[in-house]
There are 4 protein chains.
Amino acid sequence: MEYFPKVKDKIPFEGKESKNPLAFKYYNPEQLVDGKTMEEHLCFSVAFWHTFKSDGKDPFGDPAFNRPWMQSKTGMERAEHTLNAAFEFAAKLGVPFYCFHDRDIAPEGENFSESCNNLELMVKKAAALQSETGIQLLWGTANLFGNPRYAHGAATNPDAHVFAYAAAQVRHAIAATQELGGANYVFWGGREGYETLLNTDMQHEEEQMARFFHMAVEYARSIGFEGQFLIEPKPKEPTKHQYDFDAATVLGFLRRYDLLDHFKLNIEANHATLAGHSFEHDLTVAAINGKLGSIDANVGDPLLGWDTDQFPSDPLSSARAMLVVLKNGGLGNGGLNFDAKPRRGSCDEMDLFYAHICGMDTFARGLLSAQKIIDDGILDDFVKRRYASYETGIGRKILTGKTSFESLEKYILENGEPDPKSGRQEMLEGMLGSYIV
Amino acid sequence: MEYFPKVKDKIPFEGKESKNPLAFKYYNPEQLVDGKTMEEHLCFSVAFWHTFKSDGKDPFGDPAFNRPWMQSKTGMERAEHTLNAAFEFAAKLGVPFYCFHDRDIAPEGENFSESCNNLELMVKKAAALQSETGIQLLWGTANLFGNPRYAHGAATNPDAHVFAYAAAQVRHAIAATQELGGANYVFWGGREGYETLLNTDMQHEEEQMARFFHMAVEYARSIGFEGQFLIEPKPKEPTKHQYDFDAATVLGFLRRYDLLDHFKLNIEANHATLAGHSFEHDLTVAAINGKLGSIDANVGDPLLGWDTDQFPSDPLSSARAMLVVLKNGGLGNGGLNFDAKPRRGSCDEMDLFYAHICGMDTFARGLLSAQKIIDDGILDDFVKRRYASYETGIGRKILTGKTSFESLEKYILENGEPDPKSGRQEMLEGMLGSYIV
Amino acid sequence: MEYFPKVKDKIPFEGKESKNPLAFKYYNPEQLVDGKTMEEHLCFSVAFWHTFKSDGKDPFGDPAFNRPWMQSKTGMERAEHTLNAAFEFAAKLGVPFYCFHDRDIAPEGENFSESCNNLELMVKKAAALQSETGIQLLWGTANLFGNPRYAHGAATNPDAHVFAYAAAQVRHAIAATQELGGANYVFWGGREGYETLLNTDMQHEEEQMARFFHMAVEYARSIGFEGQFLIEPKPKEPTKHQYDFDAATVLGFLRRYDLLDHFKLNIEANHATLAGHSFEHDLTVAAINGKLGSIDANVGDPLLGWDTDQFPSDPLSSARAMLVVLKNGGLGNGGLNFDAKPRRGSCDEMDLFYAHICGMDTFARGLLSAQKIIDDGILDDFVKRRYASYETGIGRKILTGKTSFESLEKYILENGEPDPKSGRQEMLEGMLGSYIV
Amino acid sequence: MEYFPKVKDKIPFEGKESKNPLAFKYYNPEQLVDGKTMEEHLCFSVAFWHTFKSDGKDPFGDPAFNRPWMQSKTGMERAEHTLNAAFEFAAKLGVPFYCFHDRDIAPEGENFSESCNNLELMVKKAAALQSETGIQLLWGTANLFGNPRYAHGAATNPDAHVFAYAAAQVRHAIAATQELGGANYVFWGGREGYETLLNTDMQHEEEQMARFFHMAVEYARSIGFEGQFLIEPKPKEPTKHQYDFDAATVLGFLRRYDLLDHFKLNIEANHATLAGHSFEHDLTVAAINGKLGSIDANVGDPLLGWDTDQFPSDPLSSARAMLVVLKNGGLGNGGLNFDAKPRRGSCDEMDLFYAHICGMDTFARGLLSAQKIIDDGILDDFVKRRYASYETGIGRKILTGKTSFESLEKYILENGEPDPKSGRQEMLEGMLGSYIV
């Protein structure tokens, strides 16, 4: 069965003057950028949950998407159609990766064992499709937030029975990820937080969470899983407050509980902005700690207070993000996963193509613009010169621990007031704009 | 005296490949766009208060800008230097307009009469500089928010004595605007609001405000002032809540108090976003009511909750705004005033040039992109087709008042369920991006 | 069948020292406050959708509430159980009113006629239960946002066919409200707005909406419906932007389209705060326009950006709200409807009692505190004195249209600077706190 | 000279029925609460900068407070009057502590040496007033944000010369704090952040900041300073982004740079809410890390996006905060400092009394309510029971490291699904409200 019959062939690259909504204007997978292909730089991934499982429901509205792959009677039949549709879509779109939660690809059964069996069956089918198409798993994860058993948290649930359930579930999700050669395994703690402090022992819950992560590390080691563990920060929603608030909070937690060596971060644009940071801020915090693992490439609406998970369409924003990525030397095991969904009104399957093409072109444009900035070197030189006073003299001494408050006072008594210097923000913003291809 | 000696000549247009931070990459004033020059389309204006009077103070910091024109001992000497600097800057930058508050160009005196005399003296000097340079006044206004007498409002002050003072002051500000041939007169009610409802009679204050505006209309008529009156909405800051919250609120107020014929709106980007609207939303609300008068072209930081008044640098946003302007048939008497200031750290006079060049290029780029969208016609056709069902049949009857709930129920009983239709948001966003020049 | 067997009798009033979570501490329905009973002042209403239909689903989670009344196989059987549960709950809780959407009490059928039949059947049953229990309908409304046919709006849909469907549906909802003696009929335009301006003709949509309201007025007149029409403002969610943004926007719309005589407002606390206003602000805006019709008494989380619809528990906030209500002379036809839901983790039926008791006590406390403030008169006297300058002299002349800018300038030349006066905000805030019972 | 002649004697406690705005209704310093006096529990402090130095300026308005102590010609004369006024105010109000920045109590001189001399002179006078009145220094700090030399940061300035200047200045501020017996020394990094990432090397700046703190620790040790070092988190304002974003971020930073042993946190209510957290959240984060050092007891406006620094007036919020403090065993060296200012319209000296009385009563009420909650024990018992499953059986094994993913899966296979449990949020919120005295 063909699920997207209107798209006959792989989406072509036609260049920026094309008006064809089913062609790339900027994303040319084979094009070399500083010695790597665009495909290698960007490692695009399609998100199983939004693209294939989303039904257009929202808090005020019923399902609105009537997908051909969702028509069968049983959950497992629907799961198989959905998986087939996913690989057909990814192949036609030309993305090299996909990501999933365990419950995205296989429905929950009557009991835990049946859920595990369902998962195992679907993993076998996914493995076959992967080797057939060459499409790979960027990361797997477990859905520990949808089922009401997790209403008060998974690892942080006040009921140890639920903790145990989550552990058992994650065991299988990691195993599935390993079986499919997943490059990473992600933890997003959608219910690891609280609704009200009135019923919450925060310290207890943090310790539970740390225990959970330590067991995950031990389990991964025991089975020889070599993918990278990632934590995905988000400040709130669905809970009032999530413990993995932002990159800095997660890094502090990992340090406190001696987990830093085993985890990197999966930074999502919309989660960063919900936490009060720009996308590039949280990317930078991860990068300067050596922990930028992967990216959920979406965008929120700055005037809305929830996770809108929209497809990126702003080349200025993607250029700012790709600057951090390029300076980080790329994303290692990671990639750009479109954790994004078409609006509920975009109810047609073709909108999935339009949306991903928009997102891929936007990031391709960001890559080209960022590389141009780096090649020109003007911005980097400006920043380097701005901190030059720390490369010699008193600055060098400060950074190398050879000064004290007393010696620095002496310096001031001898040298007086520093000169004012402009930070040239507006000049730099103007320059940045002029690099957007 | 030359205040900007580092800029010898008028800022040139050098085209998009130029790396010269003192040249325009997109703004070419003489270039024709759909039959009008860029200069005529954009009517750029420099804001006297930010560009020449701002000293870099912020709520946590002392003045940081040490301008050559602010060095004299007396207020009137400083005022004269500042005015000269303003015209030198505008001429070198190549903007055709400027805007001011009465107290920007002339200092407050010991008493009301002295303040009026100061203003009158400076207006004479400004008139001379206008005719010397050809630079014109886009709009004048009165500062009814800085002096502590207005702490509880001007027209909405609980003390009638303050109301009277504001009336007297505005009388002179309108007269000054007329004398200088100002195309518009703006009311921004920075203190017309409240700090707490506990001490406020909102209905009383709204009636005061309406009385004030009626007197302004009568005064303008009496002196033959033919400029356009504009109200500038802002939701908050400095007060907790301002009555002119947004475009829709102001229009409702004007309707309630029979003032609609005499006013249009001056929409500011950063004020719109503080009110929870996009810039283009408030432009559209003004436009569909026939009330889009002029624009304060700045931008806020979507992650900060105050009026940052930054220079625009995002070509996508300026394209969205210019689409509304072009479809409005332009701005009539109005223009694009840079109600924007360099950051406190951009402490050098040259930053004023960099900042305005960035803003002007950004809007020139927005104009070019918007015109390209209109020329192609694809977006407009899409929207037209989307509403086509109202041009004939039942839709036409609905709009022309020929249906009732009963007749429409009959229609449904005969015609059943409507078909789902995609709104194609992502496709349109992708298209919009591809038009950015 | 008894749905709440753990609650044997009507919830009693036990006074503020009670520790019984199933007793009122402040709400004593028979207690007289300024000549009216608490029940008459507060007119509490339970919201059918949240209290009986909510299943604990959220954007990241599956249904979590396993209600005894939701166990039957067919929609109509479930509807009947739900209706019975609702009246049992309302009677045990002791609320005099309830509110519903058409689709809350009767499921949508296979086609429009079947939906209408379902509704008519359930209305008959509701009528019987109303007369059995004495519980009355505060307001009815139509759900024009849940079904995907309304994804792009109901009255504002670009497809006239959908407009017609909405009209037909509202016809029956108004008739049902009339049949049940509903005191009001509410319009909440959850999808009357836009997702992106790129595909939207705002002017066209506003005109459609005005046409729709005019037809509603005509229809009501034709059937002799004497309830009050109410519009409920909300700024966003589910759409990016709703046309009924806030009280001021709706009033402006009603004025523009000559609808002002036929509508009042239903103000919701959480909607007001999402629009950037305090609850008491939007209540006041409605009140000073003579348009405060009814209240949705809930609360949002000031740190979350979506409609959390929580039960009120802050006596300071309810006192501020009740001050506006008491000064408005009460709510006329309206009441305090708990448009609020227990958190997803409060998954037990008993939580419905705890939550409503909390909300009712909070507003009873607010009523008592507000009445105490009014009885003492200190706050009102302060405000009256603050505006006293408008009762005589120049202030009186200003308000009665006997001044001009010229005559006010003359006043200033004679009287000089006004004296500074403190607004005493902190003193008033301290006083307000001290009135909280 | 007497600066507050209208207040003859110390503000008395008159009890909750008093209508005297110059009397306490709840704060009775000698009253015992669980074995300690209210004064000992609350350790109120007045903030030198807001209360005595604030002039009512705001970003849109000129100074509005015409204080008797600000009338002298020279800075040092004004400083002496201000200091005298401060001690008179604190004594009449009855607060045991005050806090200051170096530049609050002594003006900046022509050069660094003169600034140090000014400070030293004023410290001598403060010491005398302290011993005369018994009022003590809660904490001292240095103003590293007001002077334009710090526009791009102090410790994080790209110019090493500025770093040195900050070091020299802090040396003297710590020494002054020691000389006055200050119980704590606070670092608030108002300019330690960035305006744009385009000109910023975040990693470089963080390392600079760590070096600065290490030198501070070394200096304190060298002079035998035994007060507690505190860092005060704030997410933004004046800069776009501050490195000390919130409690979790600061703790992560201290861990990364091996500074954890030497610092605690000074949590400010308004800073917490600007970071997207409730006040009690950030208090709790500090407390569970053993780092709750002191509190800036103010409140923001949840609908405004800047630091409004208002006096607290909500007894529900202060009860939530005092619950954390009481469970923390108090604040150790710390106290409740009113980092709050009357609104600009509260321009009269008497407003300083009204405002502090409101704040002190609000926190006294919070203390009494929180103690009542603890004495009753119902809330604490609820929370303890909620986590009881971790005290025995599988839960105990989880926390003590005796489980693995495998053993937990075995547990699930044997025990199946956990039972749903209500979190009882609404019941708890209702209970909390009922404890407010």
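Preceding this paragraph is the structure being described.
What you see is a predicted model, and the numbers here were worked out from it, not measured in a lab. (Residues numbered from 1 in each chain as written. Chains lettered and ligands numbered in written order. Predicted model: local features only at pLDDT ≥ 70, side-chain atom pairs only at ≥ 80, totals over all residues. Heavy atoms only, no water.)

**Some details on helix H15 (residues 405-415) of chain D**
No. 1: Along H15(D), the residues classified as buried are Phe405(D), Leu408(D), Glu409(D) and Ile412(D). For H15(D), the arc enclosing every buried residue in end-on projection is 105 degrees, short of the 170-degree limit, so these residues lie on one face. Seen from the open side of H15(D), the exposed residues pointing more than 90 degrees away from its buried face are Lys410(D) and Glu414(D).
No. 2: Each element contacted by the buried residues of H15(D) is listed here: helix H5 (112-133), helix H6 (160-179) and helix H7 (202-223) of chain A together with helix H14 (393-399) of chain D.
No. 3: Looking at the residues trailing H15(D), positive phi occurs at Gly416(D), about 70 degrees. (Buried < 20%, exposed > 50% of the residue type's maximum accessible area, 1.4 Å probe, protein only. Helix = DSSP H or I, 4+ residues; strand = E, 2+ residues; numbered from the N terminus. Arc of directions from axis to C-beta. Contact = heavy atoms within 4.5 Å.)

**So, the sheet that holds strand S4 (residues 97-101) of chain C**
All names here are of chain C.
No. 1: The eight strands lie next to each other as S3-S4-S5-S6-S8-S10-S11-S12, forming a closed barrel whose pairing is parallel. Taken over all neighbouring pairs, the strand axes of this sheet differ in orientation by 30 degrees on average, direction set aside.
No. 2: Alignment of strand S3 (residues 44-47) against S4, held across three bridges, turns out to be parallel. Its bridge partner lying in S4, Ser45 is registered against Phe97.
No. 3: Running over the sheet, helix H7 (residues 202-223) touches strand S6 (184-187), strand S8 (228-231) and strand S10 (263-268) and is turned about 160 degrees from S8. (Pairing = 2+ DSSP bridges. Axes fitted to C-alpha atoms, helices over the stretch in contact; angles between N-to-C directions.)

**Notes on the pattern of salt bridges**
No. 1: Counting across every chain of the model gives 100 salt bridges over all chains.
No. 2: A salt bridge links Lys57(A) to Asp55(A); its shortest N-O distance comes to 3.5 Å.
No. 3: In this structure, Asp307(D) and Lys234(D) form a salt bridge, with 3.0 Å as the shortest nitrogen-oxygen distance. Of this pair, Asp307(D) sits in the loop between strand S11 (292-296) and helix H11 (315-327) while Lys234(D) sits in the loop between strand S8 (228-231) and strand S9 (241-242), placing them 73 residues apart in sequence. For the residue pair Asp307(D) and Lys234(D), the accessibility class agrees, reading buried in each case.
No. 4: One salt-bridge network, held together by shared partners, links Asp102(A), Arg103(A), Glu108(A), Arg149(A) and Glu417(D). (Salt bridge = Lys/Arg side-chain N within 4 Å of Asp/Glu carboxyl O.)

**Some remarks on the relation of the copies chain A and chain B**
No. 1: Mapping chain A onto chain B calls for a rotation angle of 180 degrees and an axial translation of 0.0 Å; the resulting RMSD is 0.0 Å. Here the two chains are linked by the operation of a two-fold rotation axis. No C-alpha of chain A lies nearer the rotation axis than that of Pro302(A), which sits 3.0 Å from it.
No. 2: Most of the interface of chain A is mirrored in chain B, where 100% of its interface residues are also at the interface. (Least-squares fit on C-alpha atoms with pLDDT ≥ 70 in both.)

**Section: the interface of chain A and chain D**
Frequently, the measure chosen for interface size is the accessible area removed from exposure when the parts meet.
No. 1: With 90 residues of chain A at the contact, the number on the chain D side is 91 residues.
No. 2: Taken together, the two surfaces of chain A and chain D that pack against each other cover about 8000 Å², and 65% of this comes from carbon and sulfur.
No. 3: When the buried area of chain A at its contact with chain D is split by residue, Leu198(A), Tyr387(A) and Phe405(A) rank highest and sum to 11% of it.
No. 4: Joining chain A to chain D, the criterion identifies six salt bridges. (Buried area = accessible area lost by both parts, 1.4 Å probe.)

**Considering the packing of helix H3 (residues 75-93) of chain B against helix H12 (residues 350-376) of chain B**
Working note: a packed helix pair is described by the angle between its axes plus the distance between those axes.
Residues and elements named next belong to chain B.
No. 1: Axis separation between H3 and H12 bottoms out at 11 Å; the angle between their running directions is 45 degrees. By the angle between their axes, H3 is oblique relative to H12. Two packed elements cross with a definite hand, and for H3 against H12 that hand is right-handed. Between H3, through Phe89, Lys92 and Leu93, and H12, the contact on the second element is made entirely by Leu352, Phe353, His356, Ile357 and Met360.
No. 2: The residue inventory of the contact of H3 with H12, partitioned by class, reads six nonpolar, one polar and one charged. (Parallel < 35°, antiparallel > 145°, perpendicular 65-115°, else oblique. Left-handed = near helix turned anticlockwise from the far one by under 90°. Nonpolar A, V, L, I, M, F, W, Y, C, P; charged D, E, K, R; others polar.)

**A look at the relation of the copies chain A and chain D**
No. 1: The two copies are related by a screw operation: chain A maps onto chain D through 180 degrees of rotation and 0.0 Å of translation along the axis, at an RMSD of 0.0 Å.
No. 2: Here 100% of the contact residues of chain A are again contact residues in chain D; the copies associate through an equivalent surface.

**Points about the side chain of Arg386(B)**
No. 1: For Arg386(B), the position within the fold is in helix H13 (residues 378-386).
No. 2: It is Glu205(C) that comes nearest to the buried, bridge-free Arg386(B) among opposite-charge side chains, at 4.6 Å.
No. 3: With sequence-adjacent residues up to four places away left out, Arg386(B) is seen in contact with Gly423(B), His152(C), Pro158(C), Asn199(C) and Thr200(C). (Lys, Arg positive; Asp, Glu negative; His and termini not counted.)

**Details of the interface of chain A and chain B**
No. 1: Listed as interface residues are 43 residues of chain A and, on the opposing side, 43 residues of chain B.
No. 2: When chain A packs against chain B, the two sides together hide about 3200 Å² of surface, and 53% of this comes from carbon and sulfur.
No. 3: When the buried surface of chain A facing chain B is broken down by residue, Leu303(A), Arg424(A) and Glu426(A) rank first, second and third, together holding 18% of it.
No. 4: If you look at where chain A meets chain B, you find six salt bridges.
No. 5: A salt bridge links Asp348(B) to Arg424(A); the nearest nitrogen and oxygen atoms lie 2.9 Å apart.

**Quick look at the sheet that holds strand S3 (residues 44-47) of chain B**
Residues and elements named next belong to chain B.
No. 1: The strand order S3-S4-S5-S6-S8-S10-S11-S12 describes a closed barrel built from eight strands, whose pairing is parallel. Neighbour-to-neighbour, the strand axes of the sheet open up by a mean angle of 30 degrees, direction not taken into account.
No. 2: With two bridges joining them, strand S11 (residues 292-296) and strand S12 (residues 336-338) adopt parallel strand pairing. Its bridge partner being in S12, Asp296 is matched across the sheet by Asn337.
No. 3: Relative to the sheet, helix H8 (residues 247-256) contacts strand S8 (228-231) and strand S10 (263-268), its axis offset from that of S10 by approximately 165 degrees.
No. 4: Each of S3 and S12 is contacted by H12, which is oriented at about 155 degrees to S12, the strand it contacts most.

**Quick look at the pairing of strand S5 (residues 136-141) of chain C**
All names here are of chain C.
No. 1: In terms of residue burial, S5 counts as a mostly covered element, since five of its six residues are buried.
No. 2: Alignment of S4 against S5, held across five bridges, turns out to be parallel. In the sheet register, Phe97 faces S5, and the bridge partner there is Gln136.
No. 3: Pairing analysis gives two bridges linking S5 to S6, with the strands arranged parallel. Counterpart to Trp139 in the pairing with S6 is Asn184.
No. 4: As for the winding sense of the linkage, the β-α-β connection from S5 through helix H6 (residues 160-179) to S6 is right-handed. (Right-handed = clockwise from strand over helix to strand, strands pointing away.)

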